[in-house]
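Next come the chains, spelled out residue by residue.
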Amino acid sequence: PDPLHPALLGKHCKKGGKMVPTPKTGPQPVEVSTKESLSSKKAYQLKRKSKKGGMMQWVNLISIEIGLVYFLYQRMESQQIPFPDWWGLWLGIRGVLYGHVVVFTYHFIRKSYLHGTGSNIQQSEPNFSWSQELIGHATRAEAFFMLVPYLSITWLFKLMPESYYDLEAPVSVLNVFLQFAVYDLITYIIHRVQHQVETVYRTHKDHHAYINPHLFNAYSGSVQDTTLLILIPLYLTVLVLHLVGVDIHQKDYAWFGCTYANYFMLIHSEYSNPWDGIFEAIGIGTARDHNVHHSQLKFNFGHFFMWWDQIFGTYLSHTKIPSYRTYKAA
């Protein structure tokens, strides 16, 4: 195993070439045996150590969303608050969907025609079914079935500051950047707590079940993880910027959401990208940076920027470890 791996600082155990949780330090990555088959579609995926909730997860999630909608609808009616134009909401969601088409097309071309050109981050490419992954991406409880209701509820029930409903103001690059900077700082703090507090890590461990994740694993986790690491930071970002007097408008919000939703997938990719060198030089997070986090666990908690990791001493460059992945398949 990699001598820099933080798992070596605590108890280290190996079972079937997979990581095994220990009471003190949580999941411990170990090197996958070279004897394991490279052809298996599940070679890149660690079996989950906990069930994700099954049907009860859906019942609870839908019940909470319906209850929240009912409560907020009654509030709007009782206070005679007019509902906002739904067009601004649709423009934002449409932008995310268009971005998904671009990202999926780009990734398909790289995976189908440009693999083996030195851009692989992992020792072997994860093999997966495109149809299964696309269906899974669209039907996971912790993905669209939480993000779309969040966007719809906060928009339609006027939980956003009034400036967000201005559909005429032009997009401001500064406002888009400020949303990313504040959001990434909040997620850095929450993400680091998740990894350092065992009881909180339980909400996040499903995401780290993927020892060699690929593009479609970005939104794979748990309902609790999506709530802590995506939804709460998103709304806190809205509140923080409003509190300090920054007026975010609909186009600022839409461009932030579109870029966020799609670049979040790219940093989970199994490939580096042509622009990664430039991004890394100015501190923007890349697939190589986030791959270090998935293999080393105690570094690179930021997603879109590495600035917070560099400031707080948790940054580790991919050049500082023997390979980008601790879990070598070959």
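Residues numbered from 1 in each chain as written. Predicted model: local features only at pLDDT ≥ 70, side-chain atom pairs only at ≥ 80, totals over all residues. Heavy atoms only, no water.

Caption draft 1: Focus on the pattern of salt bridges. The final tally for this structure, using the stated rule, is four salt bridges. A salt bridge links K111 to E270; its shortest N-O distance comes to 3.4 Å. Residue K111 is found in helix α2 (residues 87–113), and its partner E270 is found in the loop between α8 (250–266) and α9 (276–281); the two are separated by 159 residues along the sequence. Grouping residues by exposure puts K111 and E270 together as buried. (Salt bridge = Lys/Arg side-chain N within 4 Å of Asp/Glu carboxyl O. Helix = DSSP H or I, 4+ residues; strand = E, 2+ residues; numbered from the N terminus. Buried < 20%, exposed > 50% of the residue type's maximum accessible area, 1.4 Å probe, protein only.)

Caption draft 2: Broad picture of the confidence of the model for the protein chain. Confidence in the prediction of the protein chain, expressed as mean pLDDT, is 81, and 77% of residues score 70 or more. With pLDDT under 50 throughout, residues 1–51 is counted as low confidence; its partners more than four residues away or in other chains account for 97 contacts. Contacts for the low-pLDDT stretch residues 324–330, under 50 throughout, to residues beyond four places or in other chains number 36 contacts. (pLDDT = per-residue confidence, 0-100. Contact = heavy atoms within 4.5 Å.)

Caption draft 3: How the structure looks around the packing of α2 against helix α4 (residues 144–156). Here α2 crosses α4 at 155°, and the two axes come no closer than 9 Å. Between α2 and α4, the angle falls in the class roughly antiparallel. The interaxial crossing formed by α2 with α4 has right-handed handedness. Counting all contacts with α2, which are made through G88, L89, I93, L97 and H100, the residues of α4 involved are F144, V148, L151, S152, W155 and L156. (Axes fitted to C-alpha atoms, helices over the stretch in contact; angles between N-to-C directions. Parallel < 35°, antiparallel > 145°, perpendicular 65-115°, else oblique. Left-handed = near helix turned anticlockwise from the far one by under 90°.)

Caption draft 4: Broad picture of helix α3 (residues 130–139). Listing the buried residues of α3 in full gives E133, G136 and H137. Projected onto a plane normal to the axis of α3, the buried residues spread over an arc of 100° and lie on a single side. (Arc of directions from axis to C-beta.)

Caption draft 5: Local environment of helix α10 (residues 287–296). Across the ten residues of α10, ten count as buried, placing the element largely inside the fold. Among all positions of α10, only A287, R288, D289, H290, N291, V292, H293, H294, S295 and Q296 are buried. Against α5 (173–196), α8 and α9 lie the buried residues of α10. L297 lies just past α10 and shows a positive phi near 70°.

Caption draft 6: Summary view of empty space enclosed by the protein. Within the structure shown, the criterion is met by five cavities of 30 Å³ or more. Within this model, the largest cavity holds a volume of roughly 120 Å³. Lining of the largest cavity is provided by 16 residues; of these, H207, A218, D225, L229 and F264 occupy positions nearest its centre. When residues of the lining of the largest cavity are assigned to their parent elements, the largest contribution, four residues, is made by helix α7 (residues 223–243). (1 Å grid on protein atoms, 1.4 Å probe; cavity = no way out; pocket = protein on both sides within 12 Å on 5 of 7 lines; lining within 4 Å. Points joined across faces, edges and corners; volume = space filled by probe spheres on them.)

Caption draft 7: View of the environment of R192. In this structure, R192 sits in helix α5. Residue classification places R192 among the partly exposed residues on the basis of a relative accessible area of 24%. A C-alpha to C-alpha distance of 9.5 Å links R192 and T314, two positions 122 residues apart in sequence. Residues contacting R192, with those up to four places away along its chain left out, are F301, F312 and T314.

Caption draft 8: A look at the nonpolar core. In this structure, Y164, Y219, I230, F256, Y260 and F304 are the most contacted members of the largest nonpolar core, which totals 49 residues. Looking at this core, the elements that each hand over two or more residues are α2, α4, α5, α7 and α8. Top contributing element to this core by residue count: α8, with eight residues. (Core = buried A, V, L, I, M, F, W, Y, C linked by side-chain atoms within 4.5 Å.)

Caption draft 9: Structural context of the packing of aromatic side chains. Going through the model one piece at a time under the given rule, you end up with 27 aromatic pairs. Residues Y183 and F304 carry aromatic rings whose centres are separated by 6.3 Å and whose planes lie at 50° to one another, so their mutual orientation is tilted. With a gap of 121 residues between them, Y183 in helix α5 and F304 in the loop between α10 and α11 (307–312) connect regions that are remote in the sequence. In this structure Y183 comes out as buried when scored by relative accessible area, which is 1%. When the centroid spacing of 5.1 Å and the interplanar angle of 50° are considered together, the rings of Y219 and F264 count as tilted. With a gap of 45 residues between them, Y219 in the loop between α6 (198–201) and α7 and F264 in helix α8 connect regions that are remote in the sequence. (Phe/Tyr/Trp six-rings, centres within 6.5 Å; stacked < 30°, edge-to-face > 60°.)

Caption draft 10: Structural context of a nonpolar patch on the surface. On the surface, a cluster of nonpolar side chains totalling about 560 Å² of accessible area is made up of W86, W87, W90, L97 and Y98. Mapping W90 onto the fold places it in helix α2. (Patch = residues over 30% accessible without salt bridge, like charges linked within 9 Å, V, L, I, M, F, W, Y side chains within 5 Å. Areas by Shrake-Rupley, 256 points an atom, 1.4 Å probe, with all protein chains shown as cover.)

Caption draft 11: The arrangement of the side chain of S317 in detail. Mapping S317 onto the fold places it in the segment after α11. Polar contacts involving the side chain of S317 include one to the side chain of T319, which spans 2.8 Å. (Polar contact = N/O pair within 3.5 Å; in protein donor to acceptor, adjacent residues only side chain to side chain.)

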